[in-house]
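# Chain and residue survey
Now for the letters of each chain:
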Amino acid sequence: TGMKRSFGQKVFDVFNVSFMILLCIITLYPYINQLAISLNDGQDTIFGGITIYPRKFTLENYVTVFTNSGFVNSLFISVLRVIIGTFTGIIVTTGAAYAMTKKNLPGKNFFITFLIIPTFISGGLIPTYMLYRYLHLMNNFLVYILPSAFGFYNMIIIRTYMQSIPVSLEESAIIDGANEVQILFKIILPLSMPVMATVTLWLAVGHWNDWTTSLYFITKKNLFTLQYVMYKVVKEAELVNEMAAQRAMTGIYGGSRTVKVTPESVKAATLIVATLPIVVLYPFLQKYFIKGVMIGAIKG
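An account of the accompanying structure is given in this report. (Residues numbered from 1 in each chain as written. Predicted model: local features only at pLDDT ≥ 70, side-chain atom pairs only at ≥ 80, totals over all residues. Heavy atoms only, no water.)

## So, the packing of aromatic side chains
Defined as follows: The pairing test for Phe, Tyr and Trp rings, Trp by its six-membered ring, is centres within 6.5 Å, and the orientation test on the planes gives stacked under 30 degrees, edge-to-face over 60, and tilted for anything in between.
A complete count under the given rule lists 12 aromatic pairs for this structure. Aromatic rings pair up to connect Y129, Y132, Y216 and F217 into one cluster.

## Here's the deal with the layout of surface pockets
Put simply, the rule is: Lining residues are defined by having an atom within 4 Å of a point belonging to a cavity or pocket. Those points lie on a 1 Å grid over the protein atoms alone, cavities being sets where a 1.4 Å probe fits but cannot get out and pockets being open sets with protein on both sides within 12 Å along at least five of seven lines. Grid points are joined across faces, edges and corners, and a volume is the space filled by probe spheres set on the points. Note on conventions: DSSP H or I runs of at least 4 residues are helices, E runs of at least 2 residues are strands, and numbering of each starts at the N terminus.
Considered as a void within the structure, the largest pocket measures approximately 450 Å³ in volume. Lining the largest pocket are 16 residues; nearest its centre among them are P118, S122, T128, Y132 and P147. At the level of secondary structure, the elements contributing two or more residues to the lining of the largest pocket comprise α5 (108–120) and α6 (125–134).

## Let's talk about the environment of Q163
Rules: Whether two residues are in contact is decided by their heavy atoms, any of which lying within 4.5 Å being enough.
Here Q163 is to be found in helix α7 (residues 152–163). Distance from Q163 to K102, taken between C-alpha atoms, is 9.3 Å for residues 61 residues apart in sequence. Setting aside chain neighbours within four positions, we find Q163 in contact with M100 and T101.

## Notes on the pattern of salt bridges
The condition that has to hold: A pairing counts as a salt bridge when a side-chain nitrogen of Lys or Arg comes within 4 Å of a carboxyl oxygen of Asp or Glu. Type-normalised accessible area, obtained with a 1.4 Å probe on protein chains alone, sets the label of each residue: buried when under 20%, exposed when over 50%, and partly exposed for intermediate values.
According to the stated counting rule, one finds four salt bridges in the structure shown. In this structure, the salt-bridge partner of K102 is E170, at a minimum N-O distance of 2.2 Å. Note that K102 is positioned in the loop between α4 (69–100) and α5 and E170 in helix α8 (residues 167–175), a separation of 68 residues in sequence. Grouping residues by exposure puts K102 and E170 together as buried. Here K102 and E180 are joined by a salt bridge, their closest N and O atoms 3.2 Å apart. Placement of K102 in the loop between α4 and α5 and of E180 in helix α9 (residues 180–191) is noted, with a sequence separation of 78 residues between them. Linked through salt bridges whose partners overlap, the residues forming this network are K102, E170 and E180.

Shown next as structure tokens:
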């Protein structure tokens, strides 16, 4: 501990820290810039020059977003999808992973082969569209839940982690009269919290960020997800103008004071609202995320 660091090591430390700070700035600047634009007066933003702080602070852009009925409904759909989809995915994937840890499971190799084939061979979009239509999943909320309930990769990660748990714990529980369900919920799951948190985060982020499902299989506006609405906001200026116009019609406070929002400012507010939940969630699950990935991947 009392060893002095050499000149070369000090130079490396300075270079390393400087590089990481520069990388953080490059990564964070676009997000902070959009946050500043979303908090700036829309008409003032047109003149440019907004960097990391708003020049004329206002919350009208967010009021415009949250008073839009389509946006609020899509936010509700996305939150509901994340909750139900993540919960369903964890149950299905964990059950399959626990079953695959059993060496005496009849047909285990067949199930592994059967489940791994779709990861290499996919039917493509058209057969998937026809299948969902035949199963009446078109314009159905369940299209967000059922197809993604099981993930082979997630199952392998959980199974690998469970196999690292000493078998003696399970054998002791069996001697004490515990059945498979009790062993799973009272022994295996409590010891598997790091990998469970990791997979939960993967599922939640996957459900939250997905917009292609709405694009391909949903035509009813009341079932659009937030990410799909955000995609339309970014791609379609007409939608942003419609949101701004709706706010302008309902946002007159009296006299000549009207809402000053522009498509650019509304777009920025939409982007912030759509990405904020994941940005807030990651720091709390980061330690589980790293530990779960490392153990689940290495101990295989």
